[in-house]
Amino acid sequence: MISIKGLKKIYKTKHQDIKAVDSITLDIDEGEIYGVIGYSGAGKSTFVRLLNRLEDPTAGSIVIDDKEMTSLKGNSLRLARQDIGMIFQHFNLLWSRTTEENIAFPLEIAGVPKKEREERVQELIDLVGLTGRETSYPSQLSGGQKQRVGIARALANDPKVLLSDEATSALDPETTNAILDLLVDINQKLGLTIIMITHEMHVIRKVCDKVAVMEAGQVVEQGQVIDVFSNPEQEVTRKFVEQLMTNTEEDDSLDFVLEQAKEGKIVQLHFAGESTNDTLISNVAKSYDININILQGKITQTQNGALGKMVIQMTGEKAILAEALNYLKNTSTAVVEVIRDDD
Amino acid sequence: MIDFSNLDTDKLWEATYETFYMTLISLTGTFVFGLLLGLLLYLTAKDGLWENKPINIITATFVNVFRAIPFIILILLLFPFTYFLLGTMRGPNAALPALIIGAAPFYGRLVEIALKEIDKGVIEAAQAMGAKTTTIIFRVLLPESMPALVSSLTVTAIALIGYTAMAGAIGAGGLGSYAYYAGFQRRAFDIVLICSIIIVLIVFIFQFIGDYLSKKLDKR
Ligand SMILES: Nc1ncnc2c1ncn2[C@@H]1O[C@H](COP(=O)(O)OP(=O)(O)O)[C@@H](O)[C@H]1O
Ligand SMILES: [Mg+2]
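The rules behind the values
- Residues numbered from 1 in each chain as written.
- Chains lettered and ligands numbered in written order.
- Predicted model: local features only at pLDDT ≥ 70, side-chain atom pairs only at ≥ 80, totals over all residues.
- Heavy atoms only, no water.
- Near = heavy atom within 4 Å.
- Polar contact = N/O pair within 3.5 Å; in protein donor to acceptor, adjacent residues only side chain to side chain.
- Areas by Shrake-Rupley, 256 points an atom, 1.4 Å probe, with all protein chains shown as cover.
- Helix = DSSP H or I, 4+ residues; strand = E, 2+ residues; numbered from the N terminus.
- Pairing = 2+ DSSP bridges.
- Buried < 20%, exposed > 50% of the residue type's maximum accessible area, 1.4 Å probe, protein only.
- Contact = heavy atoms within 4.5 Å.
- Buried area = accessible area lost by both parts, 1.4 Å probe.
- Salt bridge = Lys/Arg side-chain N within 4 Å of Asp/Glu carboxyl O.
- Domains from an automatic or database assignment.
- Nonpolar A, V, L, I, M, F, W, Y, C, P; charged D, E, K, R; others polar.

**Re the site of ligand 1**
All names here are of chain A.
Then, in step 1: Around ligand 1, a shell composed of Tyr-11, Ile-18, Ala-20, Tyr-39, Ser-40, Gly-41, Ala-42, Gly-43, Lys-44, Ser-45 and Thr-46 is seen.
Then, in step 2: Between an oxygen atom of ligand 1 and a side-chain N or O atom of Lys-44, the distance comes to 2.8 Å.
Then, in step 3: The separation between an oxygen atom of ligand 1 and a polar side-chain atom of Thr-46 is 2.5 Å.
Then, in step 4: If ligand 1 stood free it would expose 570 Å²; the protein chains cover 61% of that surface.
Then, in step 5: Elements supplying a minimum of two residues to the shell around ligand 1: strand E2 (17–28) and helix H1 (44–51).

What follows is the structure in structure tokens.
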């Protein structure tokens with residue numbers, strides 16, 4: 001769907017050349033939600049703006065839906081842009097237009113006749129959940145509602161790709177979740193490919209299938225969200241995982257946990273993309289005559305299942321405990337690590 | 001004691017009408033030319049949609065030069081030009097070229113300021129939708145800056161009312177002319193006073209309409 005090769009953007013300023021985007025190569029499949037995470041100044045905005053040519057690349061190629069974007073000019077560039085929706089951190093709505101007029105704007109640009117335009121606008125308003133706010137001006141809407149207008153506007157011309165640059169960064173956590181749910185919903189309903197730029201791990205974990213981690217203009221790590229974050233190789237990636245898990249504190253307290261729980265086996269389960277874990281613990285408890293005590297856990301849900309770890313204490317008859325442990329090892333894809341065996 | 005005995009109501013009405021006439025026609029001309037100058041300044045500036053250094057410098061120079069010349073001198077300077085255009089130097093129409101050329105650069109600068117206030121993100125959003133520059137001008141730049149364009153036009157209109165009085169004093173008609181020739185020169189100060197009052201009222205009317213429109217247009 002999207003194929004990026006050796007993409008580079010250098011800003012020439014008086015004093016120095018800034019490599020905002022430095023040799024990025026990546027492929028994005030159709031219908032995927034692809035996250036790009038990085039700290040401020042990593043080059044995320046520059047990268048996404050290169051995709052619809054709001055910035056001209058210094059080098060490299062961008063192929064979107066079999067179209068080479070880098071060679072487009074004038075009218076063909078404008079037409080190509082109509083197939084790429086974009087949403088922004090600060091919404092960028094026209095304050096002089098109402099909700100419906102804002103959503104109609106890209107349709108006016110594409111030359112859609114008035115009657116069709118009105119029908120399409122109403123469809124979109126219903127899709128993003130703004131029914132009843134058709135004639136409100138942006139100043140009369142909340143942040144979440146403004147972003148809904150932004151999303152409806154971006155979808156107006158039935159794009160194949162949606163670019164989202166920090167679309168939830170100006171919203172409170174609850175509204176962020178509602179907007180993310182809407183984006184996942186749209187992704188599933190319309191099969192739209194979404195590129196999500198963010199500096200928040202929460203966004204990646206909640207909606208993305210794949211992720212690229214950016215630092216100093218480069219993609220330092222990429223792949224399935226679960227793979228990248230269950231096994232971070234770069235320091236930046238590790239920091240982002242910490243943001244989600246805060247591991248440091250946990251390791252200290254493990255000794256404390258071990259002291260407290262004197263009996264039985266202590267087992268640590270590492271989850272990475274297991275979806276049947278919801279019932280794993282209760283299955284073990286039901287099938288074997290043992291007691292399970294959860295001592296510690298930090299688990300977060302991603303689009304491809306759970307990510308995190310859990311420490312449990314299992315007490316009971318020795319032979320049955322061994323069987324239960326085997327069951328755990330064999331039926332789940334979680335990595336089972338025995339921290340302390342019973343003896 | 002002022003007793004208004006010198007006042008000729010018919011003449012006063014005629015002068016008031018002429019002032020309105022000069023103000024409204026020149027305001028229309030100023031709006032059109034000022035808008036063009038402002039857009040040109042904004043669009044051709046660095047990082048503008050039509051970035052063009054030579055045109056930007058030429059436009060800015062034109063604007064600065066004509067804003068620098070005091071209006072009373074500008075009228076004299078434009079004598080040959082006005083005569084060529086209209087074949088006369090007297091009457092309200094003769095004041096129009098000077099009024100427009102004097103006020104348009106002033107309004108143009110205000111237009112430029114209003115356009116600069118527009119959030120860059122909105123323009124970028126329109127570009128991302130595949131909008132042409134002309135679409136951006138007519139559907140984004142002008143509507144989004146409309147309240148500021150209207151309040152700037154109000155300021156310009158009030159300056160123009162002042163200019164019409166000055167033009168009147170050298171033969172263009174209107175309240176300035178009536179106050180100067182019928183009033184000041186014949187020591188009929190009641191006429192000067194009544195002309196002042198009417199000009200103040202006209203200014204108030206323009207200010208009121210301008211404020212009302214600007215407020216009504218502003219949906220921020
Ligand atoms: N127009 C520009 N001119 C010069 N430098 C720029 C410009 N835009 C961005 N940069 C620089 O490029 C780098 C990446 O910026 P950006 O893409 O905005 O990062 P992010 O979105 O990840 O915070 C920063 O160092 C920034 O200062
Ligand atoms: Mg950014």
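Now that the structure has been shown, the text picks up again.
**Things to note about the sheet that holds strand E4 (residues 59–64) of chain A**
All names here are of chain A.
Then, in step 1: With antiparallel pairing, the four strands of this open sheet are ordered in space as E2-E1-E4-E5. The open sheet has two edge strands, E2 and strand E5 (67–68), and neither has a second partner.
Then, in step 2: In this sheet, E4 lies alongside strand E1 (residues 2–12) in antiparallel orientation, the contact comprising five bridges. In the strand pairing of E4, Lys-5 is matched with Ser-61.

**Things to note about the pairing of strand E9 (residues 210–215) of chain A**
All names here are of chain A.
Then, in step 1: For E9, the tally of buried residues reaches five of six residues, placing the bulk of the element in the interior.
Then, in step 2: Two strands pair when backbone bridges link them, and strand E3 (residues 33–37) and E9 are joined in this way by four bridges, in the parallel orientation. Among the inter-strand pairings, Gly-35 is bridged to a residue of E9, identified as Val-211.
Then, in step 3: Relative to strand E10 (residues 218–224), E9 runs antiparallel, the two being bridged by six bridges. By the bridge assignment, Lys-210 is partnered in E10 with Gln-224.
Then, in step 4: In this antiparallel pair of consecutive strands, E9 and E10, the connection spans two residues, and Ala-216 shows a positive phi of 45 degrees.

**Points about the interface of chain B and chain A**
Then, in step 1: In this assembly, 22 residues from chain B lie in contact with 22 residues from chain A.
Then, in step 2: Overall, the association of chain B and chain A removes approximately 2,000 Å² of surface from exposure, summing both partners, and the carbon and sulfur fraction of that is 63%.
Then, in step 3: For chain B, the biggest contributors to the area lost against chain A are Met-129, Glu-144 and Lys-219 of chain B; these three give 33% of the whole.
Then, in step 4: The interface formed by chain B and chain A holds two salt bridges in total.
Then, in step 5: Linking Arg-49 of chain A and Glu-124 of chain B is a salt bridge whose minimum nitrogen-to-oxygen distance equals 2.3 Å.
Then, in step 6: At the surface where chain B touches chain A, the tally comes to seven residue pairs in polar contact (both at pLDDT 80 or more).
Then, in step 7: Of all the secondary structure elements, the ones that give two or more residues to the side of chain B that touches chain A are helix H6 (120–128) and helix H7 (133–172) of chain B.
Then, in step 8: For the side of chain B that touches chain A, the element with the highest residue contribution is H6 of chain B, accounting for seven residues.

**Some thoughts on the domain arrangement of chain A**
Residues and elements named next belong to chain A.
Then, in step 1: By domain assignment, chain A separates into domain 1 (2–244) and domain 2 (254–340).
Then, in step 2: Between the C-alpha centres of domain 1 and domain 2 there is a distance of 39 Å.
Then, in step 3: Taking both sides of the interface into account, the surface hidden between domain 1 and domain 2 amounts to around 870 Å²; carbon and sulfur atoms contribute 57%.
Then, in step 4: The interface formed by domain 1 and domain 2 contains zero salt bridges.
Then, in step 5: With four residues, the top contributor of residues to the side of domain 1 that touches domain 2 is helix H8 (residues 225–230).
Then, in step 6: Each residue belonging to the side of domain 1 that touches domain 2 can be placed in one class, and the counts come to seven nonpolar, two polar and three charged.

**Examining unusual backbone geometry**
Residues and elements named next belong to chain A.
Then, in step 1: Located in the positive-phi region is Phe-91, a residue other than glycine, with phi close to 65 degrees.
Then, in step 2: Looking at where Phe-91 falls in the secondary structure, it is placed in the loop between strand E6 (84–88) and helix H3 (99–109).
Then, in step 3: Look at Phe-91 and you get buried, because its relative accessible area is 10%.

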